[in-house]
Amino acid sequence: MSAAVDAAAFDVGTLAQTRARGRVRRLSVAGGLGVGVLAVFALSLMVGAAVISLPDVLSTLAGQGSRNTNYVVLELRLPRALAATLVGLAFGLSGAVFQNLLRNPLASPDVIGISTGASAAAVLGIVGLGLTGLAISGFALAGALGTAALMYAIAWRNGVSGYRLILVGIGLSALLLSVVSYFMTSAQVTNAQDALLWISGSLSGRNWNQVVPLLLSLVVLVPVTMVLGRVLGVLGLGDDTARGLGVPVDGVRLGLIVAAVALAGVATAATGPIAFVALLAGPIGRGLARDGGPALLPSALVGALIVLVADFLAQHTPFLPNLPVGVLTGAVGAPYLLWQLARTNSGGQGG
Amino acid sequence: MTSSRAQETMTDAVEATDAVEALAALESSDGHTPTRHTLAAEGLRLSYDKQEIVHGIDLELPPGKVTMIIGPNGCGKSTTLRGLARLLDPSGGRVLLDGEDISTIPNREVATILGILPQHPVAPDGITVTDLVGRGRYPHQGWFRKWNAEDDEAVAQALAVTHTAELATRAVGSLSGGQRQRVWIAMVLAQRTDLLLLDEPTTFLDLANQVELLDLLTDLNRRSGTTIAIVLHDLNLACRYADHLVCMKAGDIVAEGSPKEILTAEVVSSVFGMRCDVLIDPVSDTPLIVPIGRHHTTKPE
């Protein structure tokens, strides 16, 4: 038997082994992140003005709580923690889809103007029309979708190139920011305060009115995105290669963009644009998965973890005022964005 | 695939004494002798941004042969290949796969018959050789089907055939140009198609790697009967490795046939606008083009 024989036989076996290792790795990354999310979730149900023990939290969730714990856990803390988790999942998934699709780590809904579009519409609603509650959410969602459609139309030139879409998005984002500023400066003080809280991204006072629509939207959007997202691995090889492998590239890309915009839109509608979560989650998720794939699940879980942790810190860090969660994520995300931009320049290209 | 079948192909792999025999295994384990799919263009017109690049060509790839498409920069040879591979919709005429208009056949079905390696494929950051080659299995998988033993086997054989098995766990980004090109070829081989189109696969490779790559494709053609079409810049290598040569100029086919028959000094100078001598390649007995420029020549104008 020659060495080449061993190499050939070795190969089918090693391939199976390599893939098994990959599967174990994927499972443990997802499992680890899932445990992390659960832990912080549980913590945020326990900690607050009054600390409730884990057994008490669990029995309250099971429907055997006292009147006191029922109110604190089920009406105050649970919707807030759920909102944080779901919004984080949605932003993380949306960012990961955009970044994979446009092959650029800068491509996330908060950088390319989707979130700004939602903000502009929401501020118009709050300040201009005096809307409250769910109506604001509806406005924000429409703003996100409208911005994306406009962006797509402007960037379209016999197909959409990722780079042009990002640049158009940044331009639109600047335009929409000036719209936000205009409404803010022309607003009544109380309205402006509401609007300001909303555009900095806040989880305070989230109740079932925001959580239920969000949950229902995600029940549809997340599976659709995950299934469409299976194509991202092949799309990542370039449009021609993907077409050659039988992917209907334009249709799938449009579907993924719509799904990702809707994810960012419903999340923004629920809590306002929580800064940079979508931008940060993808690279961290891919870094953990390290398989050259789109890493959608890890990115979504990282998103949830970021928002949960940030909101926990925003509420419970001693000597800090009770901050909107978006301020905290912004403080982490902005330096990352700067670093990414600097790296992009030195490399001479996006990516 | 049943486990006994998987066992059988495992044994095949063990018995293979080198990569060439892995090729033979690739043929037999396909479960069928190549059915000789055909690919042809009929009055094919191709345009970018309403500017017509290819002006209504008729072309038939001879089944089971290696076809090379040559021509000067901008003559539409890559465009023609993209058109043939349905990467670009025709502005007129049709592409026929097995006599049927290719645009009426589902994309994924086409991808199980026809493989294309485009000019600039992108390797995602951090992807390993095995993962990249594995993506060639996409057309066989569908939205929900899981990876199976046949996929493993196809990837293993593609790696063996292209001599990239020892690179299997490396990141594609860390490979040399020649290695990377072989990995991309492995990706399209894992697709297991009877028709294979390659757009300038030897660009950026040194001479030894160019020859090695063309040898590999010839192996594949001879062992598995794969019909291959290649857009190539190097005239002499094209003449040596082509069974069938297609010569394009300004969006039209100006000459077509075996290299020995068609590639005369007149054809080369009219197509490339360059004087030349055509000798006989002492190694392969095929035409050898020696260009004549304005300098360093002993010939009179």
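This one's a predicted model, so the numbers in the text were calculated from it and none came from an experiment. Per chain, residues are indexed from 1 in the order of the written sequence. Think of it this way: whatever chain is written first is A, whatever ligand is written first is 1, and the rest follow in order. For a predicted model such as this one, the threshold for reporting local features is a pLDDT of at least 70, and the threshold for listing and counting side-chain atom pairs is 80 or more; totals across whole chains, interfaces and linings nevertheless cover every residue.

The next point concerns the overall build of chain B. A count of helical and extended segments in chain B gives 11 helices and 12 strands. Buried residues in chain B amount to 46% of all 301 residues. Each residue gets a C-beta atom placed from its backbone, and two residues are in contact if those atoms lie within 7 Å. Of all intrachain contacts in chain B linking residues separated by at least 6 positions in sequence, the fraction that spans at least 24 positions is 66%. For the purposes of this entry, the term helix denotes a DSSP run of H or I that reaches at least four residues, the term strand denotes a run of E that reaches at least two, and both are numbered from the N terminus. The exposure scheme places C-beta atoms from the backbone and then counts, for each residue, the other C-beta atoms within 10 Å of its own, assigning buried at 20 or more, exposed at 12 or fewer, and partly exposed in between.

With that out of the way, let us pick up the overall build of chain A. A tally of helices and strands in chain A yields 14 helices and 0 strands. Along the longest, intermediate and shortest principal axes, the C-alpha atoms of chain A span 80 × 55 × 35 Å. Within the span of chain A, comprising 351 residues, buried residues form 51% of the whole. Once local pairs closer than 6 in sequence are excluded, the contacts in chain A between residues at least 24 apart make up 77%.

The next point concerns the UniProt feature "transmembrane region" (unreviewed entry) in chain A. All names here are of chain A. As recorded in UniProt, the sites labelled "transmembrane region" (unreviewed entry) are residues 27-52, 81-102, 123-156, 162-183, 214-237, 257-281, 293-313 and 319-339. Annotated as residues 123-156, this span is 82% helix and 0% strand, and its ends, taken at the C-alpha atoms, are 28 Å apart. Along residues 319-339, the helical share is 71% and the strand share 0%, with 29 Å between the first and last C-alpha atoms. UniProt positions are given in the numbering used here, feature names are shortened, and annotations may be inferred rather than shown by experiment.

Take the pairing of strand β8 (residues 227-231) of chain B next. All names here are of chain B. Burial within β8 is extensive, with 5 of its 5 residues counted as buried. Of the two faces of β8, the one holding Thr227, Ala229 and Val231 and the one holding Ile228 and Ile230 are both buried throughout. Bridging between strand β7 (residues 195-199) and β8 involves 5 bridges; their strand directions are parallel. In the sheet register, Asp199 faces β8, and the bridge partner there is Val231. With the strands aimed away from the viewer, a crossover counts as right-handed if its path from the first strand over the helix to the second runs clockwise. For the segment spanning β7, helix α8 (residues 207-224) and β8, crossover handedness is right-handed. Paired strands are those between which DSSP finds at least two bridges.

With that settled, consider the environment of Lys65(B). Considering the arrangement of structural elements, one finds Lys65(B) in the loop between β2 (51-60) and β3 (66-70). Spatially, the C-alpha atom of Lys65(B) lies 16 Å from that of Thr286(B), the residues being 221 residues apart in sequence.

This brings us to the sheet that holds strand β4 (residues 92-97) of chain B. Residue and element names in this part refer to chain B. Ordered in space as β2-β1-β4-β5, the 4 strands form an open sheet in which the pairing is antiparallel. Unpaired on one side and paired on the other, β2 and β5 (100-101) mark the two borders of the sheet. As defined by bridge partners, strand β1 (residues 39-48) adjoins β4 across 5 bridges and the pair is classed as antiparallel. Directly across from Ala40, in β4, lies its bridge partner Leu96.

Residues and elements named next belong to chain B. Across the sheet, which stays open at both edges, the 6 strands sit in the order β6-β7-β8-β3-β9-β10 with mixed pairing between neighbours. Each end of this open sheet is capped by a strand with a single partner; those strands are β6 (114-117) and β10 (252-257). This sheet shows a mean twist of 15° between the axes of neighbouring strands, independent of strand direction. The pairing of strand β9 (residues 244-249) with β10 spans 5 bridges and is antiparallel. The partner of Val246 across the bridge, within β10, is Glu256. For helices, the axis comes from a line fit to the C-alpha atoms of the stretch in contact; other axes are also lines fit to C-alpha atoms, and the angle between any two N-to-C directions lies between 0 and 180 degrees.

Let's shift gears to unusual backbone geometry. Of note, the phi angle at Phe276(A) is positive, near 65°, even though the residue is not glycine. Relative to the assigned elements, Phe276(A) resides in the loop between α11 (249-271) and α12 (277-289). Looking at Phe276(A), the number of C-beta atoms within 10 Å reads 26, which means it is buried. Within the chain, His163(B) stands out as a residue other than glycine whose phi angle is a positive 55°.

Residue and element names in this part refer to chain A. Relative to each other, helix α4 (residues 114-128) and helix α5 (residues 134-155) sit at 140°, their axes nearing to 7 Å. Our classification of the angle between α4 and α5 gives oblique. Between α4 and α5 lies a crossing of right-handed hand. Side by side, α4 and α5 meet where Ile114, Gly117, Ala118, Ala120, Ala121, Ala122, Leu124, Gly125 and Ile126 of the first sit next to Ala135, Ile136, Phe139, Ala140, Ala142, Gly143, Ala144, Gly146, Thr147 and Ala148 of the second. Each residue gets one label: Ala, Val, Leu, Ile, Met, Phe, Trp, Tyr, Cys and Pro are nonpolar, Asp, Glu, Lys and Arg are charged, and the others, such as Gly, are polar. In terms of residue class, the contact of α4 with α5 is made up of 14 nonpolar, 5 polar and no charged. Any angle between 65 and 115 degrees counts as roughly perpendicular, while under 35 counts as roughly parallel, over 145 as roughly antiparallel, and the rest as oblique. Here is the rule for handedness: rotate from the far helix to the near one, and if that takes an anticlockwise turn smaller than a right angle the crossing is left-handed, while a clockwise turn gives right-handed.

What follows deals with the confidence of the model for chain B. Residues and elements named next belong to chain B. Per-residue confidence from the predictor is reported as pLDDT, a score between 0 and 100. Looking at chain B as a whole, its pLDDT mean stands at 87, while 86% of the residues score no less than 70. Here residues 1-17 is a poorly scored stretch, pLDDT under 50, and it has 25 contacts once near neighbours within four places are set aside; other chains count. In the predicted structure, residues 28-32 sits below a pLDDT of 50 and forms 4 contacts with residues beyond four places in sequence or in another chain. The ipTM, which scores confidence in the relative placement of chains, is 0.83 for this predicted complex, and the corresponding pTM is 0.84.

Residue and element names in this part refer to chain A. Within chain A, residue pLDDT values average 86, and 95% of them lie at 70 or more. With pLDDT under 50 throughout, residues 1-7 is counted as low confidence; its partners more than four residues away or in other chains account for 8 contacts. Below a pLDDT of 50 lies the segment residues 345-351, which in the model reaches 8 contacts outside its immediate sequence neighbourhood of four places, other chains included.

All names here are of chain B. Pairing of β4 with β5 involves 2 bridges; the strand directions are antiparallel. Its bridge partner being in β5, Leu97 is matched across the sheet by Glu100. Remark: 2 residues form the turn of the hairpin made by β4 and β5, two consecutive strands paired antiparallel; Asp98 in that turn has positive phi of roughly 50°.

What follows is about the environment of Gln141(B). Positionally, Gln141(B) belongs in the loop between α5 (129-134) and α6 (149-161). Along the primary structure Gln141(B) and Arg108(B) are separated by 33 residues, whereas in three dimensions their C-alpha atoms are 9.6 Å apart.

All names here are of chain A. Remark: helix α2 (residues 54-61) packs on helix α3 (residues 67-101), axes separated minimally by 10 Å, with the N-to-C direction vectors making an angle of 85°. Here α2 lies roughly perpendicular to α3, going by the angle between them. The segment α2 lies against α3, with Asp56, Val57 and Thr60 engaging Thr69, Asn70, Val73 and Leu74. Here the residues of the contact of α2 with α3 sort into 3 nonpolar, 3 polar and 1 charged.

Let's shift gears to helix α3 (residues 77-84) of chain B. Along an α-helix, residues three or four positions apart point the same way, because every turn accommodates 3.6 residues. All names here are of chain B. Of all 8 residues that make up α3, 7 are buried, and the element is covered over most of its length. Regarding α3, the residues found buried are Lys77, Thr79, Thr80, Leu81, Arg82, Gly83 and Leu84. Where α3 terminates, the next one or two residues include Arg86, which has phi positive at roughly 55°.

Before going further, it helps to spend a moment on the environment of Leu215(A). Examined against the element boundaries, Leu215(A) turns out to sit in helix α8 (residues 208-229). For the pair Leu215(A) and Leu82(A), spaced 133 residues apart in the sequence, the C-alpha separation amounts to 8.9 Å.

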